[in-house]
Amino acid sequence: MSLQNLKAVLGGALTLAMLLASPASSQTVAPAAPPATEALGRTVLKDLVEIDSTHAHGSTGAAKYVAARLIAGGFSPEDVQVLIPADHPTKGNVVVRLHGSGSGKPILYIGHLDVVEANRADWTYDPFILTEADGWLYGRGTIDMKGQDTAMIASLIRMKQEGYVPKRDIIVAFTADEEAGGDASGIDWLLKNHRPLIDAAFVINPDGGEAGYKKGRKLYVAIQTSEKVFVTYQLEATDKGGHSSRPTAANPIYRMARALSRLSYYAFPADLTSTTRAYFKARAPLESGQVRVDMLDVAGASPFTDAVARLSGQVETNIMLRTTCVTTMINGGQGESALPERVRAVVQCRVIPGEDPAGIEAKLQAVIADPSIKLSVYTPAQLSPESPLSPEVVDAVTAVTKSMWPGVVILPDMSAGASDSAFTRAAGMPSYGVDGMFDDLDDGRAHGRDERISVEAFNEELEFTYRLMRQLGG
Ligand SMILES: [Zn+2]
């Protein structure tokens, strides 16, 4: 993206920043979805939570449920396709299409149907029964991401029943196996086997999005354009070994320890992308004092070393500034009284999109500075480019966010982790993580015990999703 485009995109964020500068302004009640949509949303969320779609059970049951709901809501069966890989019968997906009037390439929404395991004994309530208590909805998947799936289903049905015809098709793919440990990634399979069915100008993935609040105050809706690429290396040091009574300088545990120690002191150079510069610029007004000054500084063309150093002191900002590599596993030695013959360490890197993993590997080799330690790829990189911060998407998200929550900032974002957008980006479709379901930044429970979403945030998500689909649909 050119600097001009970037400035054009950021014009909106500055206005919002000014709005936020009057912090005392109380946040107004957001517009609500019609009662029928809220009722439908609650039913669908309850049903989806109560269909166990952990990897052990698979997502075919949930996919068939979603298809039946959409058909009952007015979609014709040929526009709702349940697609199940022959070799993974429990890992079903469903793709639905709301036909447009034919101008422009379709938009694709994606949402995963699988959830991570939940242990009943660790939870206050049964994780596979939707439980309402004190304004909260508890259940596995409520925020990751059956709540968002439900909002997409309810919005599709609402648009269908209103007779709304977008300018271009809106496709939604509900998929299997996004969470780690799955063996049948639905989005990967659909891209490889049913590309024409899901081909689109761009992708919206609520899973990669984030709407954050702190201490009861709604702060931002993120537009996630990129994710760090993960690539894992193995380091191996070997020696002929011998009796522990005859130590030598070649001890591979010591050599490995020195190499890892050098790595522990190394920081990759700061590398800001269009997205992370825009992130710091839009994030700065939410901060105060030196942090605000430093964020504005690193958003500029040539950041001060001191500002980078101070922001690098915090995990949250450090990971936005640079590639990181960290040792995650080590094992070595074979006996209490034997000189070690082999030591292996695993180093995982999270690479800024656009950086070449080959360059990271060469740098690691230089930092460990011991040619006798063999470095090899343990898990190769799944490259995923940064999606351009498209004015079309930024404008739509900004307009809808302002219509719902005046004063909430739009925050361009790069995730340190990965989502299914890695597949759609790698397949050439620009992908944006956008979600309007506000989650407490100090109490994130995705994948955790007592996962929950507030009734208010869930209901607002129903309206936000509908408005954004219509805004983007034209
Ligand atoms: Zn998720």
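All values reported here derive from a predicted model rather than from experimental measurement.

Analysis parameters
Residues numbered from 1 in each chain as written. Predicted model: local features only at pLDDT ≥ 70, side-chain atom pairs only at ≥ 80, totals over all residues. Heavy atoms only, no water. Helix = DSSP H or I, 4+ residues; strand = E, 2+ residues; numbered from the N terminus. Rg over C-alpha atoms; globule rule 2.2 N^0.38 Å. Buried < 20%, exposed > 50% of the residue type's maximum accessible area, 1.4 Å probe, protein only. Contact = heavy atoms within 4.5 Å. Areas by Shrake-Rupley, 256 points an atom, 1.4 Å probe, with all protein chains shown as cover. Lys, Arg positive; Asp, Glu negative; His and termini not counted. Charge placed at Lys NZ, Arg CZ, Asp CG, Glu CD. Salt bridge = Lys/Arg side-chain N within 4 Å of Asp/Glu carboxyl O. Donors = N, O, S within 2.8 Å, 3.2 Å for Na, K, Ca; no water. Tetrahedral: all angles 85-135°; square planar, octahedral: opposite > 155°, others 65-115°. Axes fitted to C-alpha atoms, helices over the stretch in contact; angles between N-to-C directions. Parallel < 35°, antiparallel > 145°, perpendicular 65-115°, else oblique. Left-handed = near helix turned anticlockwise from the far one by under 90°. Pairing = 2+ DSSP bridges. Disulfide = S-S within 2.5 Å. Expected span 1.5 Å × (residues − 1).

Caption draft 1: A look at the overall build of the protein chain. From N to C terminus, the protein chain includes 15 helices and 19 strands. Over its C-alpha atoms the protein chain spans a radius of gyration of 24 Å, differing by no more than 12% from the 23 Å that the globule rule assigns to 474 residues. Within the protein chain, buried positions represent 53% of all 474 residues. When contacts within the protein chain are restricted to residue pairs at least 6 apart in sequence, those whose partners lie at least 24 apart make up 79%. With the model as given, the accessible surface of the protein chain reaches about 19,900 Å², and the carbon-plus-sulfur share is 55%. Taken as two groups, the 45 positive and 56 negative side-chain charges of the protein chain have centres that lie 4 Å from each other.

Caption draft 2: Seen up close, the pattern of salt bridges. Scanning the model with the defined rule gives 27 salt bridges in all. Ionic pairing is found between Glu451 and Arg140, a salt bridge with its closest N-O pair at 2.7 Å. Remark: Arg140 occurs in the loop between strand 5 (136–138) and helix 4 (146–162) and Glu451 occurs in the loop between strand 18 (438–440) and strand 19 (452–454); sequence separation between them is 311 residues. Under the relative-accessibility criterion, Glu451 is labelled buried at 0%. Residue class for Arg140 comes out buried when judged on its relative accessible area of 2%. Where Arg310 meets Asp294, a salt bridge forms, and the shortest distance between an N and an O atom there is 2.7 Å. Highlighted residues: Arg310 in helix 10 (residues 305–312) and Asp294 in helix 9 (residues 289–299), separated in sequence by 16 residues.

Caption draft 3: A look at the coordination of the zinc ion. For the zinc ion, the protein coordination sphere consists of His112 (NE2), Asp144 (OD), Asp207 (OD) and Asp207 (OD), at 1.8 to 2.7 Å. Classification of the site at the zinc ion as irregular follows from its four donor atoms and the range of 51 to 148° in their angles at the metal. Counting the intervening residues between successive donors of the zinc ion yields the motif H-x31-D-x62-D. Here the residue Asp144 occupies a position in the loop between strand 5 and helix 4, and Asp207 occupies one in the loop between strand 7 (202–204) and strand 8 (211–214), the gap between them amounting to 63 residues. When its relative accessible area of 19% is taken as the criterion, Asp207 is described as buried.

Caption draft 4: Quick peek at the packing of helix 2 (residues 35–50) against helix 15 (residues 455–473). Running from N to C, helix 2 and helix 15 point in directions that differ by 115°, and their axes come no closer than 10 Å. Judged by the inter-axis angle, helix 2 sits roughly perpendicular to helix 15. Note on packing geometry: the crossing formed by helix 2 with helix 15 is right-handed. Only Val455, Phe458, Asn459 and Leu462 of helix 15 make contact with helix 2, whose side of the interface consists of Thr37, Glu38, Gly41, Arg42 and Leu45.

Caption draft 5: Structural view of the pairing of strand 8. Pairing of strand 8 with strand 9 (residues 217–227) involves four bridges; the strand directions are antiparallel. Across the sheet, Tyr213 pairs through a bridge with Lys218, a residue of strand 9. Strand direction decides the pairing type here: strand 8 and strand 18, joined by three bridges, are parallel. Directly across from Gly212, in strand 18, lies its bridge partner Asp439.

Caption draft 6: Expanded view of the sheet that holds strand 17 (residues 431–432). Within the open sheet, the six strands sit side by side as 1-2-6-3-7-17. Their pairing is mixed. Two strands lie at the open edges of the sheet, namely strand 1 (80–83) and strand 17, each paired on one side alone. Pairing between strand 3 (residues 107–112) and strand 6 (residues 170–175): six bridges, direction parallel. The partner of His112 across the bridge, within strand 6, is Thr175.

Caption draft 7: The arrangement of the state of the cysteines in detail. Scanning the model with the defined rule gives one disulfide in all. Across the disulfide from Cys325 sits Cys349; the S-S distance is 2.1 Å. Here Cys325 and Cys349 share a disulfide; its torsion about the S-S bond, 110°, makes the bridge right-handed. Taken together, the residues Cys325 in strand 12 (residues 324–332) and Cys349 in strand 14 (residues 342–351) connect sequence positions 24 residues apart. For the pair shown, Cys325 and Cys349 are each scored as buried.

Caption draft 8: Seen up close, unusual backbone geometry. Note the cis peptide between Asp144 and Met145, where omega equals -10°. One can find Met145 in the loop between strand 5 and helix 4. In this model, Lys215 sits at a positive phi of 50°, which is unusual for a non-glycine residue. When its relative accessible area of 75% is taken as the criterion, Lys215 is described as exposed.

Caption draft 9: Structural detail: helix 4. Relative to the 24 Å expected for 17 residues at 1.5 Å per residue, helix 4 spans 24 Å between its end C-alpha atoms, a close match to the ideal helical length. Counted residue by residue, helix 4 has 14 buried out of 17 residues, so it is predominantly covered. Looking one or two places after helix 4, you find Gly163, whose phi comes out positive at around 75°.

Read these as spatial facts, not as claims about activity.
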